[in-house]
Amino acid sequence: MSPNRLRTTLTALCLAASFVAAIAVPPASAHGPRSSAGAGPAVLPAPLAEVREALSKYADPLVAIRDGYFSTLGCVLYPEGGMGVHFLNPALIGPTPDPFKPQILVYEPDRAGRLHLVAAEWFVPLATGIAERPTIFGQPFDGPMEGHEPLMPRELHHYDLHVWLWKDNPKGAFNAINQEVTCPGYAYRLMEAPPPIVAHR
């Protein structure tokens, strides 16, 4: 997929999702913001703790929307756990990951439909021209893999790395799937299978 087609595909996806996100975010409570970031892991290395603090403003998903993150709507689940609802910012996509600018924010809906910030994801498509597997926080990315259908075109081959900054993950902060994520009562629950790994050409 060419860079221009990649940008067009992601922009169209996000513009469509922005309308859905605007109507899907529950009304604000009279007692506080729409969502609050959890404490997350009790102990994080200093670089991760710094990133968590910097990104905690996105506990309110409307702040994320104003900064260019748009909901992909589906709450992604796997047989062994889940990921949640991904908010993608196409303006941040490039070949070099920035610790303070994740391309994706991940939210978990509660039974009332409110979204809670649980993770950040760094996402690097092969179409950006990246030459080799990226790393961040000393951690190599997962992939390269196909796009996550049905929320992403299969042809969108990419690397990604989830970091569970606001919710404990029993299998570790960098494990893509969290067995504690279930999306209870959420209307757009999507059961997926891990996308196939592809060659980095």
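Predicted model, so just to flag it, every value in this text is computed and none were measured.

### A look at the overall build of the protein
Stage number 1. When helices and strands are tallied, the protein shows three helices and nine strands.
Stage number 2. When its helices and strands are written in sequence order, the protein yields α-α-α-β-β-β-β-β-β-β-β-β.
Stage number 3. Partitioning the intrachain contacts of the protein with sequence separation of at least 6 by distance along the chain shows that 61% fall at a separation of at least 24.

### Thoughts on the state of the cysteines
Stage number 1. One pass over the structure, following the stated rule, counts one disulfide.
Stage number 2. Cys75 shares a disulfide with Cys183; S-S distance 1.8 Å. Every disulfide takes its handedness from the sign of the S-S torsion; for Cys75 and Cys183 that torsion is -55°, giving left-handed. On the criterion of sequence distance, the pair formed by Cys75 in strand β1 (residues 70-78) and Cys183 in the loop between β8 (158-163) and β9 (189-191) is long-range, its members being 108 residues apart.
Stage number 3. A residue is classified by how much of its surface remains accessible, and Cys75, at 0% relative accessible area, is buried.
Stage number 4. Since its relative accessible area comes to 0%, Cys183 is described here as buried.

### Overview of helix α2 (residues 46-55)
Stage number 1. Among the residues of α2, Leu48, Val51, Arg52 and Leu55 are the ones counted as buried. All buried residues of α2 project into a common sector of 100° when viewed along the axis, lining one side. Of the exposed residues in α2, the ones pointing more than 90 degrees away from its buried face are Ala46 and Glu53.
Stage number 2. In this structure, the buried residues of α2 make contact with β4 (115-125) and β8.

### Looking at the sheet that holds β4
Stage number 1. The seven strands lie next to each other as β7-β8-β4-β3-β2-β1-β9, forming an open sheet whose pairing is mixed. Edge positions in the sheet fall to β7 (142-145) and β9, since each of these pairs with one other strand and no more. Adjacent strand axes in the sheet meet at a mean angle of 35° when their direction is disregarded.

### Looking at unusual backbone geometry
Stage number 1. Cis peptide bonds are those with omega within 30 degrees of zero, and the linkage from Gly143 to Pro144 qualifies with 0°.
Stage number 2. Its location among the elements puts Pro144 in strand β7.
Stage number 3. Residue Pro150 follows Glu149 across a cis peptide bond; omega there is 10°.
Stage number 4. Backbone geometry places Leu73, a non-glycine residue, at a positive phi of 75°.
Stage number 5. The topology assignment puts Leu73 in strand β1.
Stage number 6. The phi torsion at Cys183 lies on the positive side, around 55°, for a residue other than glycine.

### Some words on the pairing of β8
Stage number 1. With six of six residues buried, β8 is to be regarded as a mostly interior element.
Stage number 2. Burial along β8 is two-sided: His158, Asp160 and His162 facing one way and Tyr159, Leu161 and Val163 facing the other are all buried.
Stage number 3. Bridge analysis of β4 against β8 gives six bridges, and the strand direction is antiparallel. Looking at β8, one finds that Val124 is bridged to Tyr159.
Stage number 4. Two strands pair when backbone bridges link them, and β7 and β8 are joined in this way by two bridges, in the antiparallel orientation. The residue of β8 that forms the bridge with Asp142 is Asp160.

The rules we used
- Residues numbered from 1 in each chain as written.
- Predicted model: local features only at pLDDT ≥ 70, side-chain atom pairs only at ≥ 80, totals over all residues.
- Heavy atoms only, no water.
- Helix = DSSP H or I, 4+ residues; strand = E, 2+ residues; numbered from the N terminus.
- Contact = heavy atoms within 4.5 Å.
- Disulfide = S-S within 2.5 Å.
- Buried < 20%, exposed > 50% of the residue type's maximum accessible area, 1.4 Å probe, protein only.
- Arc of directions from axis to C-beta.
- Pairing = 2+ DSSP bridges.
- Axes fitted to C-alpha atoms, helices over the stretch in contact; angles between N-to-C directions.

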